[in-house]
Amino acid sequence: MPELPEVETSRRGIEPHLVGNVIQYAEVRNSRLRWPVSEQIMKLSERPVLSVQRRAKYLLLELPEGWIIIHLGMSGSLRILLDELPPEKHDHVDLVMADGKILRYTDPRRFGSWLWSDNLNECSVLAHLGPEPLSDLFDGEYIYTLSRNKKTAIKSWLMDNKVVVGVGNIYANEALFVAHILPERPVHSLTEQEAHLLSDTIKQILRRSIEQGGTTLKDFLQSDGKPGYFAQELFVYGKKGELCSVCGEAIESVKLGQRSTFFCRNCQH
DNA sequence: AGAACGCCCTGAATGC
DNA sequence: TGCATTCAGGGCGTTC
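Predicted model only: the values in this text are computed from it and were never measured. (Residues numbered from 1 in each chain as written. Chains lettered and ligands numbered in written order. Predicted model: local features only at pLDDT ≥ 70, side-chain atom pairs only at ≥ 80, totals over all residues. Heavy atoms only, no water.)

**So, the state of the cysteines**
Right, on to step 1. Scanning the model with the defined rule gives zero disulfides in all.
Right, on to step 2. No disulfide involves cysteine 264; its sulfur sits 3.6 Å from the nearest other cysteine sulfur, which is in cysteine 247. (Disulfide = S-S within 2.5 Å.)

Pasting the structure below:
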């Protein structure tokens, strides 16, 4: 399940193969993703890629007339093929480049999307997103100020894209463990000190995970086909019933806002 | 207005 | 062994 570090890992993997290269055409074998693949993408021809950027969990390929906006959804991944390779069942989209390389999109669950935007400022999926977690806009003061008078559970609040982008279930669980904060607490109960600790922790964990090439769970692979290594460093995510590696208490699991939530009652308060 | 829930989809895991 | 059921999840749309 690609979260921000996985998307950033993918971005870094594909960027050097695409920037300065030219898309010859897009081969869309199955356009039925989260939304239908945009017509402008189906009809692409002979367009140079000017940049490969990321906003939240969206990858943005800049072309002269607009942007290809890719979301990996739950199970999407991107690979660079140096030569042709017969597509398999879940290989839904290829961008065939002028030098023979192919950007191949694989997505068994088809929760991802390939959209076109003429103008990013008018793009509906990007319009209402909160700040990037690794930017200076996201800090303890931001969390503290925005969280006053709100009684939502802290963890659900962190996963709200209007609050901050790119913090999904894995990293919300991990960050709250490292910051010693119980996920169920109402967000208004955060102290100023905890708010600062939380923003610092989120940044630290995301940076560390990007260094490790993301978290490989299920089928996530980096664009070179190698797995990410951050899964080895998880403290609580997916560890219900296992013993906390810090104190030895059993990791508990509850549902918060329909999402699996893992924590150590001894380490988090 | 803000919060909660349903839905899209398929593979892996679990249950009988 | 094999079939049926359950679960996972990001984010938009709808409902309360």
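**A closer look at the pattern of salt bridges**
Right, on to step 1. Going through the model one piece at a time under the given rule, you end up with 16 salt bridges.
Right, on to step 2. Residues arginine 54 and glutamate 132 are paired through a salt bridge, measuring 2.9 Å at the closest nitrogen-oxygen approach. Here glutamate 132 lies in the loop between strand S9 (113-117) and helix H3 (140-147) and arginine 54 lies in strand S3 (residues 51-55), a separation of 78 residues in the sequence.
Right, on to step 3. Judged by relative accessible area, which is 16%, glutamate 132 ranks as buried.
Right, on to step 4. Between arginine 185 and glutamate 194 there is a salt bridge; the shortest N-O distance is 2.8 Å. Of the two residues examined, arginine 185 and glutamate 194, each falls in the buried class. (Salt bridge = Lys/Arg side-chain N within 4 Å of Asp/Glu carboxyl O. Helix = DSSP H or I, 4+ residues; strand = E, 2+ residues; numbered from the N terminus. Buried < 20%, exposed > 50% of the residue type's maximum accessible area, 1.4 Å probe, protein only.)

**Digging into the pairing of strand S6 (residues 77-81)**
Right, on to step 1. Counting buried positions over the five residues of S6 gives four, a clear majority of the element.
Right, on to step 2. As judged from the five bridges shared by S6 and strand S8 (residues 102-106), these two strands associate in the antiparallel manner. For leucine 78, the partnering residue across the bridge sits in S8 and is tyrosine 105. (Pairing = 2+ DSSP bridges.)

**A closer look at the sheet that holds strand S7 (residues 91-97)**
Right, on to step 1. Pairing in this open sheet of five strands is antiparallel, and the strands run S2-S1-S7-S8-S6 from one edge to the other. One side of each edge strand has no neighbouring strand; the edge strands of this open sheet are strand S2 (45-48) and S6. Geometrically, the sheet is characterised by an average inter-axis angle of 30° between neighbouring strands, direction not taken into account.
Right, on to step 2. Docked against the sheet, helix H1 (residues 4-18) engages S6, S7 and S8, running at close to 35° with respect to S6. (Axes fitted to C-alpha atoms, helices over the stretch in contact; angles between N-to-C directions. Contact = heavy atoms within 4.5 Å.)

**Describing the protein's contact with DNA strand B**
Right, on to step 1. Residues in close proximity to DNA strand B include Arg32, Lys89, His90, Pro108, Arg109, Arg110, Phe111, Thr152 and Gln258, which together make up its full environment.
Right, on to step 2. The contact atoms of DNA strand B, taken as those within 4 Å of the protein, divide so that sugar and phosphate hold 60%.
Right, on to step 3. Between a phosphate oxygen of DNA strand B and a side-chain N or O atom of arginine 110, the distance comes to 2.6 Å.
Right, on to step 4. In the model, a phosphate oxygen of DNA strand B is placed 3.4 Å from a nitrogen or oxygen of the threonine 152 side chain. (Near = heavy atom within 4 Å. Polar contact = N/O pair within 3.5 Å; in protein donor to acceptor, adjacent residues only side chain to side chain.)

**Thoughts on the protein's contact with DNA strand C**
Right, on to step 1. Around DNA strand C sit 16 residues, and of these His71, Arg109, Tyr237, Lys255 and Arg259 come closest.
Right, on to step 2. In the interface set of DNA strand C, defined as its atoms within 4 Å of the protein, sugar plus phosphate atoms amount to 60%.
Right, on to step 3. Lysine 255 places a side-chain nitrogen or oxygen 2.5 Å from a phosphate oxygen of DNA strand C.
Right, on to step 4. Looking at the surface near DNA strand C residue by residue, the classes come out as seven nonpolar, four polar and five charged. (Nonpolar A, V, L, I, M, F, W, Y, C, P; charged D, E, K, R; others polar.)

**Topic: the nonpolar core**
Right, on to step 1. In this structure, Ile143, Ile154, Leu158, Ile181, Leu190, Leu198 and Ile202 are the most contacted members of the largest nonpolar core, which totals 31 residues.
Right, on to step 2. Mapped by element, the contributors of at least two residues to this core are helix H4 (154-158), helix H5 (169-178) and helix H6 (192-211).
Right, on to step 3. Ranked by residues supplied to this core, first place goes to H5 with six residues.
Right, on to step 4. Every residue in contact with leucine 198, bar those within four places of it in the chain, is listed here: Ile143, Ile154, Leu158, Ala175, Leu176, Ala179, Ile181 and Leu190.
Right, on to step 5. Within the second largest apolar cluster, 26 residues are counted, among which are Ala26, Val37, Ile68 and Ile70. (Core = buried A, V, L, I, M, F, W, Y, C linked by side-chain atoms within 4.5 Å.)

**Regarding the side chain of asparagine 21**
Right, on to step 1. Positionally, asparagine 21 belongs in the loop between H1 and strand S1 (22-28).
Right, on to step 2. A distance of 3.0 Å separates a polar atom in the side chain of asparagine 21 from a polar atom in the side chain of aspartate 99.
Right, on to step 3. When residues no more than four places from it in sequence are discounted, the contact partners of asparagine 21 are Arg47, Pro48, Val49, Met97, Ala98 and Asp99.

**A few points about the packing of H1 against H6**
Right, on to step 1. Packing of H1 against H6 brings their axes to within 9 Å, and their N-to-C directions diverge by 40°. As the angle between them shows, H1 and H6 are arranged oblique. The two elements H1 and H6 cross, and the hand of that crossing is right-handed. Contact residues: Leu4, Pro5, Glu8, Thr9 and Arg12 in H1; Leu206, Ser209 and Ile210 in H6.
Right, on to step 2. Per-class residue counts for the contact of H1 with H6 are four nonpolar, two polar and two charged. (Parallel < 35°, antiparallel > 145°, perpendicular 65-115°, else oblique. Left-handed = near helix turned anticlockwise from the far one by under 90°.)

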